[in-house]
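# Descriptive structure summary
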Amino acid sequence: MISNSRSWLRACLRALVVVSVTVFSAAACSAADQLATYLQKVQPGELFQGAESFGPPQGEPPIAPVMRAGEVLGYAYLNSDFTASTGYSGKPIHIVVGISREGIIRGIKLVDHKEPIVLIGIPQARVVAALNSIIGKDLSRVAAGLDRPPQVDIVSGATVTVLVMGDSVIRSAVKLIRSHRLDSQNTVQAPQIAEVKHVDETKVGIKDWQSLLGDGSIRSLRLSVGEVSEAFRAAKQDAAANNPEVTPETERFIDLYVAPASVPIIGRSLLGETLYERLRKQLKPDQSAVLVAGDGAYSFKGSGYVRGGIFDRIELLQDGQGIRFHDHDHTRIPSLAAAGAPKLREIALFVVPKDFTFDVTEPFELQLLVQRSTGAQKAVLPYNLGYTLPDTYVKIDRVSQAVPVAAPAAPVEASSDMPESNGEPQLWMKIWDGSRIKIAITMAAILILTAIFFFQDWLVRRPKLFGYVRTGFLLFTLVWLGWYANAQLSVVNVLTFANAVISGFNWQFFLAAPLIFLLWAAGAAALLFWGRGPFCGWLCPFGALQELTNGAARKLGVPQIKLPWGLHERLWPVKYIIFLALFGLSFYSMALAETFSEVEPFKTAIILKFARQWPFVLFALSLLGAGLFIERFYCRYLCPLGAALAIPGRIRMFEWLKRWPECGSPCQRCAKECPVQAIHPEGQINVNECIYCMHCQELYQDDQRCPHMIQVRLKREKFMALSTPESRGETPAKKPKVEVTYRGIPITKAEAAPDQTA
């Protein structure tokens, strides 16, 4: 099965190489070379006291011995070789970690990053100092599930960055310890497992809210403002204790609830049958989902996920590992379906990513980070909400299994295709394999769109059919590609790619989102043939939303505004200025560029479906409102992504849009009817602004509306009226033979007329 999956993936990728090579060009170095390169920036003594040198990297992922007088003190490794370390900027944070044979962290050195809040505003020393709480921790106990992962100190203004750094160091160390590559006899061994637990899928039913609380299906954490203030005071953070969120201190700080929504009875009770079935179809085998709900003065969501896509106030913990959810793992739930459930301010459904090992039948914790600002600083307190799935939902298979203490394994060389020690495919390959249906639908849509362009002359001669085709495709782009699959390209993708080419390209980062990769590959190919029009006019969900809403407005009689050509032409450069500003800003501060890229309403209107803070929703609705009067207002004047695509679109090799000599002088029909005013009064089409709606090509073929075609039709009709078939070179039709009959009998020349009777 795995070999078939890999074959299928390789076939897909080979088909994409030709189009993707026009956009992506980079050479990736091996992981061992990468570690060796970064070790040049580190002194051995920074990782281990008294260390003198590094040995050659060994194994895959590579680890390098740290030596003193020929003795191996421990090993150095790169966190990003073992686990994801993507930060606020969307790029990996590289940290060299020194770990002893016993699994104790001895030193940490931040060697490379693109985190803007570290590059500017916040000294790097402060961020690195926040990680010092990990140094000296025995992570072998964490790897064995005997201790919780240690917490890093939070730096105000750099919460996401510090959390990602700490998580990546801890998770990578735990993964390395569990691989037994540290050659230590003292590493704590995990307890023997004699039971195999499963969720009992055969148990069905619906429970009310009180029953779910009573039997432990839902666990809660309830805090008052005063209790949180006292906790800050006990932690000797008086400034935070004296700065409560609300007064009086008897007010509710938060009521936090957690429950595994992937367990059938719990999920059906809380989500309702429809939402639960939708969730069940979304989940892969052995994948879980957790419902988190809260009410009170404190938000467990915060606003970090809006800026950086990471929920920085909660973390899911199990077996020494932790994960923070991203916005693409999140679904907003408006209300709970369980009878008697309270009305809660925030309800979120999180799908646990497949790359995080999580067993819902084993105890886990949801950690809430309570953050209070104290002027320029931020104080943080962790609260852990423990959860154990009640036995009534669990089915236990008892097995007899001896677990011997494993001998330390020698470093194993592995191919670059399979970095996991167990030979499993890379994460991006699993993602592609698990997204077969979405990939197939997207590729089919791209092929259909390609056929539309190649056979455009045949289609535009049938305006009614073409109208149905275009409207149907736009609906598909908006509903399926945008709202369902969340495949909305953004200028952030352009900025990330540009920075990746300069700072070190990694295929896996771009391959991790199959549909986005497919759209970029298709867009790259389209630039050579048609310019930016195929994406902006057909594959952009927000563009489709603008055109469809404008079409509805026209049918309802909303008056349309056509800007004077001079003003319209001077507004074109605005989007190019916005793009160039974001592009330049991204090299200085990627996170700042991402913040200003909110000039794009895509995340609000398409990804989050307007479930966002009111300023973002108001901004998106304002742009759509303007689009009701000026078709594709945002596309014309403000879209930095359109500007980014228009610049390389000038390299197109073919001219597919046909024009007559009379176009522009004297005829202005196409220029006046172009939906986005992309046709100059002189007649030429500005392909940098054209969305390839093909309305001008409909007119080009229409002998009832196009003046040139009208003249052609009139000349043809006049010629037909004044000419004979013989003069036109046509074979005349044979005239019907006229026969003379007498009493119904034909008379021939050879016969005489019959005698008449007297």
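Now for a look at the structure at hand. (Residues numbered from 1 in each chain as written. Predicted model: local features only at pLDDT ≥ 70, side-chain atom pairs only at ≥ 80, totals over all residues. Heavy atoms only, no water.)

## As for the overall build of the protein
Broken down by element type, the protein carries 33 helices and 18 strands. Looking at the protein as a whole, 50% of its 758 residues are labelled buried. The contacts in the protein between residues at least 6 apart in sequence include a share of 72% that link residues at least 24 apart. For the protein, the computed accessible surface area is about 36,300 Å², with 58% contributed by carbon and sulfur atoms. (Helix = DSSP H or I, 4+ residues; strand = E, 2+ residues; numbered from the N terminus. Buried < 20%, exposed > 50% of the residue type's maximum accessible area, 1.4 Å probe, protein only. Contact = heavy atoms within 4.5 Å. Areas by Shrake-Rupley, 256 points an atom, 1.4 Å probe, with all protein chains shown as cover.)

## A look at the sheet that holds strand S13 (residues 346-351)
Sheet architecture is open: five strands sit in the order S7-S8-S9-S13-S12, paired in antiparallel fashion. Of all strands in the sheet, those with a lone pairing partner are strand S7 (219-224) and strand S12 (330-332), marking the two edges. Put simply, the sheet's adjacent strands are angled 20° from each other on average, direction ignored. For S7 and strand S8 (residues 252-260), the ladder comprises six bridges, and the chain directions are antiparallel. Note on S8: the bridge partner recorded for Leu221 is Leu256. (Pairing = 2+ DSSP bridges. Axes fitted to C-alpha atoms, helices over the stretch in contact; angles between N-to-C directions.)

## Thoughts on the pairing of strand S10 (residues 314-318)
Along any regular strand the residues' side chains alternate between the sheet's two faces. Counting buried residues in S10 gives five out of five residues, a clear majority hidden from the surface. Of the two faces of S10, the one lined by Ile314, Leu316 and Gln318 and the one lined by Glu315 and Leu317 are each fully buried. Sheet analysis places S10 next to strand S11 (residues 321-323), joined by three bridges and oriented antiparallel. Note on S11: the bridge partner recorded for Leu317 is Gly322.

## Re the nonpolar core
Ranked by size, the top nonpolar core spans 77 residues in total, and within it Phe453, Phe535, Trp538, Phe542, Leu641, Tyr692 and Met694 carry the most contacts. With seven residues, the top contributor of residues to this core is helix H21 (residues 514-529). Met694 has contacts with Ile452, Phe453, Gln456, Val460, Phe466 and Trp538, leaving out every residue within four places of it along the chain. If you look at the next biggest cluster of nonpolar residues, it comprises 63 residues, including Ala241, Val258, Leu270 and Ala289. (Core = buried A, V, L, I, M, F, W, Y, C linked by side-chain atoms within 4.5 Å.)

## Some words on the packing of helix H16 (residues 436-454) against H21
One way to put it is that H16 packs onto H21 with a least axis distance of 10 Å and a crossing angle of 15°. With respect to H21, the element H16 is oriented roughly parallel. Of the two possible hands of crossing, H16 and H21 adopt the one that is right-handed. Counting all contacts with H16, which are made through Lys438, Ile439, Thr442, Met443 and Ile446, the residues of H21 involved are Pro514, Leu515, Leu518 and Ala522. Class assignment for the residues of the contact of H16 with H21 results in seven nonpolar, one polar and one charged. (Parallel < 35°, antiparallel > 145°, perpendicular 65-115°, else oblique. Left-handed = near helix turned anticlockwise from the far one by under 90°. Nonpolar A, V, L, I, M, F, W, Y, C, P; charged D, E, K, R; others polar.)

## A short note on the sheet that holds strand S4 (residues 94-100)
Across the sheet, five strands lie side by side as S1-S2-S3-S4-S5; this open sheet has antiparallel pairing. The strands lining the two open edges of the sheet, one partner per strand, are strand S1 (53-54) and strand S5 (105-112). Note: S4 against S5, six bridges, orientation antiparallel. Bridged to Ile99 within S5 is Ile105.

## A look at a nonpolar patch on the surface
Taken together, Phe454, Phe455, Trp458 and Leu465 make up a surface patch of nonpolar side chains, about 440 Å² in accessible area. Its location among the elements puts Phe455 in the loop between H16 and helix H17 (456-460). (Patch = residues over 30% accessible without salt bridge, like charges linked within 9 Å, V, L, I, M, F, W, Y side chains within 5 Å. Salt bridge = Lys/Arg side-chain N within 4 Å of Asp/Glu carboxyl O.)

## Structural notes on helix H28 (residues 614-629)
For H28, built from 16 residues, the straight-helix expectation of 22 Å at 1.5 Å per residue is met to within 8% by its first-to-last C-alpha distance of 23 Å. The complete set of buried residues in H28 reads Val617, Ala620, Leu623, Leu624 and Gly627. In a view along the axis of H28, the buried residues occupy a sector of 130°, so they form one face of it. Here the buried face of H28 lies against helix H23 (541-555), helix H27 (602-607) and helix H29 (633-637). (Expected span 1.5 Å × (residues − 1). Arc of directions from axis to C-beta.)

## Things to note about the packing of aromatic side chains
Between two aromatic rings, the relevant description is the distance of the centres plus the angle of the planes. The full count for this structure, using the stated rule, is 27 aromatic pairs. Considering the side-chain rings of Phe453 and Trp530, the 4.9 Å spacing of their centres and the 50° angle between planes classify their relative orientation as tilted. Of this pair, Phe453 sits in helix H16 while Trp530 sits in the loop between H21 and helix H22 (533-539), and the two are 77 residues apart along the sequence. Connected via pairs of aromatic rings, a cluster forms that spans Phe453, Phe454, Phe466, Phe473, Phe476, Trp480, Tyr484, Phe529, Trp530, Trp538 and Tyr692. (Phe/Tyr/Trp six-rings, centres within 6.5 Å; stacked < 30°, edge-to-face > 60°.)

## Side note on the pattern of salt bridges
This model, assessed by the stated rule, comprises 18 salt bridges. Notably, a salt bridge pairs Glu631 with Arg554, separated by 3.2 Å at the nearest N-O pair. Within this pair, whereas Glu631 is found in the loop between H28 and H29, its partner Arg554 is found in helix H23, the two being separated by 77 residues in sequence. The buried category is assigned to Glu631, whose relative accessible area is 8%. What makes Arg554 partly exposed here is its relative accessible area of 45%. Where Glu717 meets Arg713, a salt bridge forms, and the shortest distance between an N and an O atom there is 3.3 Å. Here the residue Glu717 and the residue Arg713 both occupy positions in helix H33 (residues 707-722), the gap between them amounting to four residues, near one helical turn. For Arg713, a relative accessible area of 14% puts it in the buried group. A cluster of three or more residues bridged by salt bridges with shared partners is formed by Arg268, Glu273, Glu277 and Arg280.

## Side note on the environment of Gly531
The topology assignment puts Gly531 in the loop between H21 and H22. In the structure, Gly531 is positioned 158 residues away from Glu689 in sequence and 9.5 Å away in space, judged by C-alpha atoms. Discounting chain neighbours no more than four positions away, the residues touching Gly531 are Ala526, Gly649 and Arg652.

## Description of the environment of Ala51
With respect to the helices and strands, the residue Ala51 is situated in the loop between helix H3 (44-47) and S1. Residues Ala51 and Gly74 lie 23 residues apart in sequence; the distance between their C-alpha atoms is 9.6 Å. Apart from the residues lying within four places of it in its own chain, the contact partners of Ala51 are Pro44, Gly45, Val66, Met67, Arg68 and Leu73.

## Section: the state of the cysteines
This model, assessed by the stated rule, comprises zero disulfides. Here Cys667 stays unpaired: no disulfide links it, and the sulfur of Cys706, its closest cysteine neighbor, is 5.8 Å away. With relative accessibility at 17%, the residue Cys667 sits in the buried group. As a non-bridged cysteine, Cys696 has Cys670 as the owner of its nearest cysteine sulfur, 5.7 Å distant. (Disulfide = S-S within 2.5 Å.)

## Looking at the side chain of Asp255
By the element assignment, Asp255 lies in strand S8. One polar contact links Asp255 to Arg252, side chain to side chain, over a distance of 3.1 Å. In this view, Asp255 contacts Leu221, Arg222, Leu223, Ala293, Gly294 and Asp295; residues no more than four positions away in its chain are not counted. (Polar contact = N/O pair within 3.5 Å; in protein donor to acceptor, adjacent residues only side chain to side chain.)

## Re the pairing of S4
Buried residues dominate S4, accounting for seven of its seven residues. Burial along S4 is two-sided: the face carrying His94, Val96, Gly98 and Ser100 and the face carrying Ile95, Val97 and Ile99 are both buried. In this structure, strand S3 (residues 71-78) lies alongside S4, joined through five bridges in antiparallel fashion. By the bridge assignment for S4, Tyr77 is matched with Val97. The turn linking S4 back onto S5 is made up of four residues, and Gly103 within it adopts a positive phi angle of 90°.

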